[in-house]
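Summary of structural features
Each chain is listed here by its residues.
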Amino acid sequence: MSALRDGTASPSGAADRTDLRDVAKAHRPFPLGRLILWAVAILIAADFVWIVAGNENFGWPVVAKYFFDPTVLQGLTVTLGLTVVAMTIGIVLGLLLAIARLSQDGLANTVAGLFIWFFRGTPLLVQLIFWYNLSTLFPELSITIPFGPKLVGWDTNSVISPMTAAIVGLALNEAAYMAEIIRGGLLSVDKGQAETAEAFGMTRVRALWRVIIPQAMRSIVPPTGNQLISMIKATSLVSVIAMADLLYSVQSIYNRTFEVVPMLLVAVIWYLLITSVLNVGQSYIERYYSRGDRRSAPRAARDAATEAPATEAPMGPSPTNVPQEAAR
Amino acid sequence: MTVTATVEPLVKARNVHKAFGDVEVLKGIDMDVAPGEVVVILGPSGSGKSTFLRCINHLESIDQGSIMVDGEQIGYELRKERLVKLGGYAIARQRRKIGMVFQQFNLYPHMTALQNVIEAPIGVHGESRQAATDNAMKLLDRVGLASKVHNYPRQLSGGQQQRVAIARALAIRPKLMLFDEPTSALDPELVGEVLSTMRDLADQGLTMIVVTHEIGFAREAADRVVFMDGGNIVEQGPPEQVIGNPQHARTRAFLSRFI
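Position numbers for residues count from 1 along each chain, tracking the sequence in the order it is written. Chain letters and ligand numbers both follow the written order, the letters beginning at A and the numbers at 1. Per-residue local features of the predicted model are confined to residues with pLDDT of at least 70, and side-chain atom pairs are confined, for both listing and counting, to 80 or more; whole-chain, interface and lining totals are unaffected and use all residues. Values shown for side chains rest on all heavy atoms present in the structure; no hydrogens or waters enter the calculation.

1. Notes on the overall build of chain B
Short version of the rule: Working definition: helices are DSSP H or I runs of at least four residues, strands are E runs of at least two. Numbering for both runs from the N terminus. For each residue, the accessible area found with a 1.4 Å probe, counting protein chains only, is set against the maximum for its type, and the residue is called buried under 20%, exposed over 50%, and partly exposed in between. What makes two residues a contact is simply this: any of their non-hydrogen atoms within 4.5 Å. Each accessible area value is a Shrake-Rupley result obtained with a 1.4 Å probe; residue values ignore everything except the protein chains displayed when judging cover.
In terms of helices and strands, chain B carries 9 helices and 12 strands. Among the 259 residues that make up chain B, the fraction classed as buried is 59%. Within chain B, counting contacts between residues at least 6 apart in sequence, those at least 24 apart form 64% of the total. Surface exposure of chain B reaches about 10,600 Å², of which carbon and sulfur atoms provide 47%.

Following this line, the structure appears as structure tokens:
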């Protein structure tokens, strides 16, 4: 053996270098390259911040002055409210559309397909303007028996305010996109799961609700987060139909004061703040729906293992006496 | 067969035909299963044995013939002397008394072992959470997994997962249990724990139809062994007869691969 090692050893002949050494005692080489990269990156970033902060054209004092202006906060409320309402309707309607798309029923399938085709295929801005101007197409909205007598009717202009036009426009558009996201999620679940639920006598609805959708959520949540962030920004489109959202409110201020850039910065910072909060929320939701994916035993399981007279070897060291988590 | 003629069979299958497109998978299967009987179906892959099992709880519809379980025709109903296809809800109701164990376990991965077991008793059979949980703990203890009740399926070995699946099927207090190749997806050293659980169930008088390749299990636990090939029942009888002294060349050819 040693002859062989001598033959292949480095010219210095340091035999101990090829001995087996425990990697647990290994040292990490000094990360000089990385430190230099970090230093350069921080330097550039600091310089950039310095330049932006010192540039008078950005009008930071104006930004600070108007950041909590009542008009801006009012617009922010509208933006948030519109996002929540439109997104909620969009998700619920999208779920129904996705189920209809996946059903064996030809009618449901076709209706859902047409809906998605239309609302994904036309620009959101055009849809909003159409809803806003609905009264020019249908001066009166009414519920009638097809080709038959009218039951109830309303004047269109009294029903379609900027608010309802904005909600309907955003929600229907969102529903079309969410339908495809949810459909993809439902299809990603192993077919054996639906079959098992069926074999155990679950109805379709219950199987969807208890077995399929919770598993589909893992692939539905990330694109939905995307959609939500797009939606917050898409609400700025409603300023064209005179809806006083965040963008509209800063516009109304800079139309008066002509401080265009500072006021837009107010809006930009608010949009960034909202999306940052949403990103944090999304990561929590994702972690919740991947709970069955973790390899290590959950805490409750370890507690139970140490409490119960184990027929299998307990999973880990006994923690302090935590009350056993009730089955959810 | 040792089945006495006076006992009404729990499962009555008559002339069951099934085709997938042009491929005829079942070519007229007749089978009676008495209450408490353990029937093991053997046969080469593609012989139609799994398909027949899945027809019994209507996971597959049949093209011709009839299947009765516990006095009800599966998937159909007689209304004014006319046979009418049942809707989803009525079929779901018929399935309530049939438990099933799958080759790929098919545990719900987002639920713990305990949640897997109590899901159908609470959601389908209307048991209270407390009663379902108590029963589930007993069943999980019986399959030797009392310490794993709060683990998610991914944290369990294949054999443990399949034992949870068996507990899950037992939790609905089934009159009939269907096992679809329960050990085929398991590592060889894990097969034994699942088979011994199944043997216990057989000893306790549960009516079972088992599709498997485990000849040893068939020999020890079966009341009757059915050998299927090419969509037909070739031969059936007590295990010592079918496995010990097969009459048909095809049965002999199949069994010779296991000796």
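There is more to say, and it comes next.
2. A word on the overall build of chain A
Of the regular secondary structure elements, chain A holds 14 helices and 2 strands. Of all 328 residues assigned to chain A, the portion counted as buried reaches 33%. In chain A, of all internal contacts separated by at least 6 residues, the share reaching a separation of at least 24 is 68%. Total accessible area computed for chain A in this model is approximately 20,600 Å², and 66% of it derives from carbon and sulfur atoms.

3. Things to note about the environment of arginine 210 of chain A
The following threshold applies: In the analysis that follows, any N or O atom pair within 3.5 Å is treated as a polar contact, provided that within protein one partner can donate a hydrogen and the other can accept it, and provided that, for residues neighboring in sequence, both atoms belong to side chains.
Here arginine 210 of chain A shows up in helix H11 (residues 204-234). In the structure, arginine 210 of chain A is positioned 13 residues away from alanine 197 of chain A in sequence and 9.1 Å away in space, judged by C-alpha atoms. Excluding residues that lie within four positions of it along the chain, arginine 210 of chain A makes contacts with His110, Met111 and Glu119 of chain B. Engagement of the side chain of arginine 210 of chain A in a polar contact is seen with the side chain of glutamate 119 of chain B, the distance being 2.7 Å.

4. Quick notes on the pairing of strand E8 (residues 98-101) of chain B
All names here are of chain B. Basically, it comes down to this: We call two strands paired when DSSP finds no fewer than two bridges between them.
The alternating pattern of E8 places Ile98 and Met100 and Gly99 and Val101 on opposite faces, both of which are buried. Sheet analysis places E8 next to strand E9 (residues 176-180), joined by 4 bridges and oriented parallel. Opposite glycine 99, over in E9, you have methionine 177 as the bridge partner.

5. Section: the sheet that holds strand E4 (residues 64-69) of chain B
All names here are of chain B. One open sheet holds the 4 strands; their spatial order is E2-E1-E4-E5, and the pairing between them is antiparallel. Each edge of the open sheet carries a strand with a single partner, namely strand E2 (23-33) and strand E5 (72-73). Relative to E2, strand E1 (residues 11-20) is paired through 8 bridges, and the arrangement is antiparallel. By the bridge assignment, lysine 18 is partnered in E2 with leucine 26.

6. Re the packing of helix H12 (residues 246-257) of chain A against helix H13 (residues 260-289) of chain A
Residue and element names in this part refer to chain A. We count it as follows: Lines fitted to the C-alpha atoms define the axes, with helices restricted to the stretch that makes contact. Angles between their N-to-C directions range from 0 to 180 degrees. The labels follow the angle: roughly parallel below 35 degrees, roughly antiparallel above 145, roughly perpendicular from 65 to 115, and oblique for the rest. Crossing handedness is defined as follows: a turn of the near helix away from the far one that is anticlockwise and smaller than a right angle gives a left-handed crossing, while the clockwise case is right-handed. Each residue is assigned to one class: nonpolar for Ala, Val, Leu, Ile, Met, Phe, Trp, Tyr, Cys and Pro, charged for Asp, Glu, Lys and Arg, and polar for all the others, Gly among them.
Contact geometry for H12 and H13: axes closest at 9 Å, N-to-C directions at 160°. It follows that H12 is roughly antiparallel to H13 by the angle criterion. Handedness of the crossing formed by H12 with H13: right-handed. Residues Leu246, Leu247, Val250, Ile253 and Tyr254 of H12 pack against Val260, Met263, Leu264, Val266, Ala267, Trp270 and Tyr271 of H13. A per-class count over the contact of H12 with H13 returns 12 nonpolar, no polar and no charged.

7. Quick word on the packing of aromatic side chains
Residue and element names in this part refer to chain A. Rules: Side-chain rings of Phe, Tyr and Trp, where Trp is taken by its six-membered ring, are said to pair if the distance between their centres is within 6.5 Å; with planes under 30 degrees apart they count as stacked, over 60 as edge-to-face, and otherwise as tilted. Whether a charge lies above a ring is judged from NZ of Lys or CZ of Arg, which has to be within 6 Å of the ring centre and within 35 degrees of the ring normal.
For the structure on display, the rule yields 8 aromatic pairs over all chains. Note on phenylalanine 118 and phenylalanine 119: the rings are 5.1 Å apart at their centroids and 85° apart in plane angle, and the pair reads as edge-to-face. Here the aromatic rings of tyrosine 288 and tyrosine 289 are separated by 5.0 Å at their centres, their planes lie at 80°, and the arrangement is edge-to-face. Exposure remark for tyrosine 289: the relative accessible area of 22% places this residue in the partly exposed category. Here the aromatic cluster, defined as three or more aromatic residues joined through ring pairs, consists of Phe67, Phe68 and Trp270. Directly above the aromatic system of tyrosine 284 lies the positively charged group of arginine 287, at a separation of 5.2 Å from the ring centroid.

8. Points about the confidence of the model for chain A
Residues and elements named next belong to chain A. Defined as follows: The predictor rates its confidence in each residue with pLDDT, a number between 0 and 100.
Scored by pLDDT, chain A has a mean of 84; 84% of the residues are at 70 or more. This model gives residues 1-13 a pLDDT under 50, and the stretch forms 3 contacts once residues within four places in sequence are excluded. Contacts from residues 300-328, a stretch scored under 50 in pLDDT, to residues over four places away or in other chains number 44 contacts.

9. What to know about helix H6 (residues 124-132) of chain A
One full turn of an α-helix is made of 3.6 residues, so residues set three or four places apart face in the same direction. All names here are of chain A. Rule in force here: As used here, the arc is the angular range of directions from the helix axis to the C-beta atoms.
Every buried residue of H6 is listed here: Leu124, Gln127 and Leu128. Considered in projection along H6, the buried side chains sweep an arc of 100° and stay on one side of the axis. Next to the buried residues of H6 lie helix H5 (106-121), helix H9 (162-188) and H11.

10. So, the pattern of salt bridges
Rules: The salt bridge criterion pairs a side-chain nitrogen of Lys or Arg with a carboxyl oxygen of Asp or Glu, the two atoms within 4 Å.
Under the defined criterion, the tally for this structure stands at 21 salt bridges over all chains. Arginine 95 of chain B is paired through a salt bridge with glutamate 198 of chain A; the nearest N and O atoms lie 3.4 Å apart. With arginine 95 of chain B in the loop between helix H2 (88-94) and E8 and glutamate 198 of chain A in helix H10 (residues 191-199), this pair bridges two chains. Residue arginine 95 of chain B is classed as buried on the basis of its relative accessible area, which comes to 5%. Each of the salt bridges in this network shares a partner with another, and the network as a whole consists of Asp70, Glu72, Arg93, Lys97 and Lys175 of chain B.

11. Points about the sheet that holds E8 of chain B
Residues and elements named next belong to chain B. Taken together, the 6 strands give an open sheet; going across it, the order is E8-E9-E10-E3-E11-E12, and neighbouring strands pair in mixed fashion. Where the open sheet ends on each side, the last strands, each with one partner, are E8 and strand E12 (232-237). Averaged over neighbouring strand pairs, the angle between their axes works out to 20° when direction is ignored. Here 5 bridges tie strand E11 (residues 224-229) to E12, and the two strands are oriented antiparallel to one another. Residue pairing for E12: valine 225 is matched across the bridge by glycine 237. Against the sheet, helix H5 (residues 158-170) touches E8 and E9, its axis set at about 175° to E8. Where helix H9 (residues 249-256) meets the sheet, it contacts strand E3 (38-42), E11 and E12, and its direction lies at approximately 100° from that of E11.

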